Amino acid sequence: MAFFPKILLRSELESYLRNVFTNKELVAAVGGPEAENLFENLLKHLAHPPSFTTVRVNPLSTSIENVKSLLKEEIHKQFPGLNIPILQHPIVPDLLLIPVIGPRRTLKQHPVQVIVGAQCGNAVLRGAHVYAAGIVSASKWMKAGDEVSVFSDIEGKCKRGAKEFTGNKIFIGNGISELSRNEIFCCNNPVKGKGIKMTEPVYLSPSFDNVLSGYIFLQNLPSAVVSHVLNPQPGERILDMCAAPGGKTTHIATLMEDQGEVIALDKIASKVEKIKQNASVLKLKCIKAFCFNSTKAVRDQNCPDEQGDGPPFFPESFDRILLDAPCSGMGQRPNMVCPFSLKELTSYQPLQRKLFSAAVELLRPGGTLVYSTCTVTLSENEEQVAWALKTFPCLKLQPQEPHVGGEGMMGAELPPDQLKLLQRFDPSRVEFCSVDTNHCSAQPSDTIPLANKDTIGFFIARFLKAR
């Protein structure tokens, strides 16, 4: 069986993404074959994790140098004998980069096999161990302490409790079972706790679960760039409209030196609790999280002020707003399977426009609005920017600082000078390559450009609301 099939996504998703990369304007600009290559490269990259694990440091709690020292100790515990460097990003200084080694294609597979779900498999490829709840199937003779090979069921066809599975599966590494098969499938309720300790993952990436809590936050590079682009200042009132799980919210509060007010909204109560939990762990006091639908966050000015500082809010009441919008998530990596229907994938644009309209109304004149997604489609990115500029004459695109991604993609009728103001992180623009221990000793000047490009797919636009 091949390590990774060339295309891992469903045929209707393949058709959808193919349309993204073969629009008429793009084909006219770069030529049909190159547009097709972008599509093929994207699908290939989506199956693999980014080349670096990125860790955001909380400078309000400790120094960058202290975190680097503590992380080196942790990595040495997990991978004795390996000298894996920790690099500080030169443009995003609160971000540390740790190379991911792999894919390691020569690992020997064991007779005892464990099948996990696609989401669990994605997490393992980024350095996680296997928790019991993610195990779908295990060999009938598996005992605690056994060496096992772990596979990801990328089509969701393996039945829970099966003793073997011959369907489409991807090898993601070897580990030691911490539970027997009987313990995992003893009842209908999922068993909690670690099920498999990964000892030979296909991608060698350190696990930082519950490591240096309060000091670090695991965050993809583009996600960390967003908060810097927003450029929050101490004492301001800032709204994060779709905030869960709180990575960007806590980053905003940190950049403000925990001075001012950060309002975080999400419409799912359990996710709001996660925002509060992350804020507490990082000891941030300026964050106020509310369970609320941000499409309804604008308050009627005729209503009496009886609700204090919670939603809905009066128009023009925020200095800066981050709209990290719900999206199709087609930039997330690794992504070996897409559970969505084509109808669902194309349903996000109307919701994003409702949220955008609310954001413009809530932003004060002279304020900054940052719109971002973790997807690669034109319809949710450049087309939304073009729509916003036509719909809201008060908005003007602004330069972004830092600007470590590429320019916007052609195809949404935006002129070249506006495309240069956008920031698109596009994995298809970098050639896929394996990283081994020899590459880890490369100089920062060689590795930083790769770290900037080989990320999740992401998009950022920054607007100023005219006075």
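Just so we're clear, the structure is a prediction, and the values are computed from it rather than from any experiment.

Definitions and cut-offs
Residues numbered from 1 in each chain as written. Predicted model: local features only at pLDDT ≥ 70, side-chain atom pairs only at ≥ 80, totals over all residues. Heavy atoms only, no water. Pairing = 2+ DSSP bridges. Helix = DSSP H or I, 4+ residues; strand = E, 2+ residues; numbered from the N terminus. Right-handed = clockwise from strand over helix to strand, strands pointing away. Expected span 1.5 Å × (residues − 1). Buried < 20%, exposed > 50% of the residue type's maximum accessible area, 1.4 Å probe, protein only. Contact = heavy atoms within 4.5 Å. Axes fitted to C-alpha atoms, helices over the stretch in contact; angles between N-to-C directions. Phe/Tyr/Trp six-rings, centres within 6.5 Å; stacked < 30°, edge-to-face > 60°. Salt bridge = Lys/Arg side-chain N within 4 Å of Asp/Glu carboxyl O. UniProt positions renumbered as here; feature names shortened; annotations may be inferred. Arc of directions from axis to C-beta. Parallel < 35°, antiparallel > 145°, perpendicular 65-115°, else oblique. Left-handed = near helix turned anticlockwise from the far one by under 90°. Nonpolar A, V, L, I, M, F, W, Y, C, P; charged D, E, K, R; others polar.

**Considerations on the pairing of strand E13 (residues 287-291)**
Here strand E12 (residues 261-266) runs beside E13; their pairing, made up of 5 bridges, is parallel. If you follow Ile263 over to E13, its bridge partner there is Lys288. Handedness of the crossover joining E12 and E13 through helix H9 (residues 269-281) is recorded here as right-handed.

**Notes on helix H11 (residues 348-362)**
With 15 residues, H11 should cover 21 Å at 1.5 Å per step; its first-to-last C-alpha distance of 21 Å lies within 8% of that length. Three or more residues of H11 are buried, namely Tyr348, Gln352, Leu355, Phe356, Ala358, Ala359, Val360 and Leu362.

**Looking at the sheet that holds strand E10 (residues 216-218)**
Overall, antiparallel pairing links the 4 strands, which are arranged E2-E3-E1-E10 in an open sheet. Each edge of the open sheet is held by one strand with a lone partner, namely strand E2 (87-88) and E10. In the sheet, strand E1 (residues 52-57) pairs with E10 via 3 bridges, with the strands oriented antiparallel. In the sheet register, Val57 faces E10, and the bridge partner there is Ile216. Helix-sheet contacts for helix H4 (residues 64-78) involve E1, E2, strand E3 (95-99) and E10, and the interaxial angle to E3 is about 25 degrees.

**Things to note about the pairing of E3**
Most of E3 is tucked away: 5 of the 5 residues are buried. Burial along E3 is two-sided: Leu95, Leu97 and Pro99 and Leu96 and Ile98, pointing in opposite directions, are all buried. Pairing analysis gives 5 bridges linking E1 to E3, with the strands arranged antiparallel. Note that in E3 the partner of Thr53 across the bridge is Ile98.

**Quick word on the packing of aromatic side chains**
Given two aromatic rings, one states the distance between the centres and the angle between the planes to describe the pair. If you walk through the whole model with that rule in mind, you get 7 aromatic pairs. Both rings, one in Phe356 and one in Phe392, keep their centres 6.2 Å apart while their planes meet at 15 degrees; by these two values the pair is stacked. Here Phe392 lies in the loop between helix H12 (382-391) and strand E16 (395-397) and Phe356 lies in helix H11, a separation of 36 residues in the sequence. Given the relative accessible area of 14%, Phe392 is considered buried. Where Phe356 meets Phe463, the ring centres are 5.4 Å apart and the plane angle is 90 degrees; that geometry is what we call edge-to-face. One end of the pair, Phe356, is in helix H11; the other, Phe463, is in strand E18 (residues 458-465), and 107 residues separate them in sequence. Taking relative accessible area as the criterion, Phe356 reaches 2% and is therefore assigned buried.

**Section: the sheet that holds strand E5 (residues 130-131)**
Spatial ordering of the open sheet is given by E5-E9-E8-E7-E4-E6, a layout of 6 strands whose pairing is mixed. The two strands at the open ends of the sheet, each matched to only one other strand, are E5 and strand E6 (135-138). With 5 bridges joining them, strand E8 (residues 169-177) and strand E9 (residues 194-201) adopt antiparallel strand pairing. Note that in E9 the partner of Ser177 across the bridge is Ile196. Together, strand E4 (113-117), E5, strand E7 (147-153), E8 and E9 form the strand contacts of helix H5 (residues 118-125), whose direction differs from that of E4 by roughly 105 degrees.

**Points about the pattern of salt bridges**
Applying the stated criterion across every chain yields a total of 11 salt bridges. We note a salt bridge from Arg320 to Glu236, for which the minimum N-O separation is 2.7 Å. In this pair, Arg320 sits in strand E14 (residues 318-324) while Glu236 sits in the loop between helix H7 (221-230) and strand E11 (237-240), placing the two residues 84 residues apart along the sequence. Glu236 shares its class with Arg320; the two are buried. With a shortest N-O distance of 3.7 Å, Glu273 and Lys276 are connected by a salt bridge. With Glu273 and Lys276 both in helix H9, this residue pair falls 3 residues apart, about one helical turn.

**Focus: the UniProt feature "binding site: S-adenosyl-L-methionine" (unreviewed entry) in the protein**
Per the UniProt record, "binding site: S-adenosyl-L-methionine" (unreviewed entry) is annotated on Cys242, Ala243, Ala244, Pro245, Gly246, Gly247, Lys248, Asp266 and Asp324. Spanning 83 residues, the named residues nonetheless gather at one spot, since no C-alpha pair among them exceeds 13.1 Å. Mapped onto the secondary structure, Ala244 falls in the loop between E11 and helix H8 (247-255). Look at Ala244 and you get partly exposed, because its relative accessible area is 24%.

**Looking at H9**
Taking 1.5 Å of rise per residue, 13 residues should cover 18 Å, and H9 covers 19 Å from first to last C-alpha, within 8% of that figure. Taken residue by residue, H9 has Val272, Ile275, Asn278 and Ala279 as its buried positions. Considered in projection along H9, the buried side chains sweep an arc of 120 degrees and stay on one side of the axis. Away from the buried face of H9 by more than 90 degrees, exposed residues Ser270 and Ser280 are located. In this fold, the buried residues of H9 make contact with E10, H8, E12 and E13. Backbone geometry just after H9 places Lys283 at a positive phi near 60 degrees.

**Describing the packing of H11 against H12**
The N-to-C vectors of H11 and H12 enclose an angle of 40 degrees; their axes lie 11 Å apart at closest approach. Considering the angle they form, H11 stands oblique to H12. You can see that H11 and H12 cross each other, and the crossing is right-handed. Packed against H11, whose contacting residues are Gln349, Gln352, Arg353, Phe356 and Ser357, the element H12 presents Glu383, Gln384, Trp387 and Ala388 at the interface. Residue composition of the contact of H11 with H12, grouped by class: 3 nonpolar, 4 polar and 2 charged.

**Quick notes on unusual backbone geometry**
Cis rather than trans, the peptide bond between Ala244 and Pro245 has omega equal to 5 degrees. Assignment of secondary structure puts Pro245 in the loop between E11 and H8. Geometrically, the link from Pro311 to Pro312 is a cis peptide bond, its omega value of -5 degrees lying close to zero. Within the secondary structure layout, Pro312 lies in the loop between E13 and E14. Positive phi is not limited to glycine here, since Glu257 has a value of about 60 degrees. Examined against the element boundaries, Glu257 turns out to sit in the loop between H8 and E12. Of the residues examined, Glu257 reaches a relative accessible area of 46% and is grouped as partly exposed.

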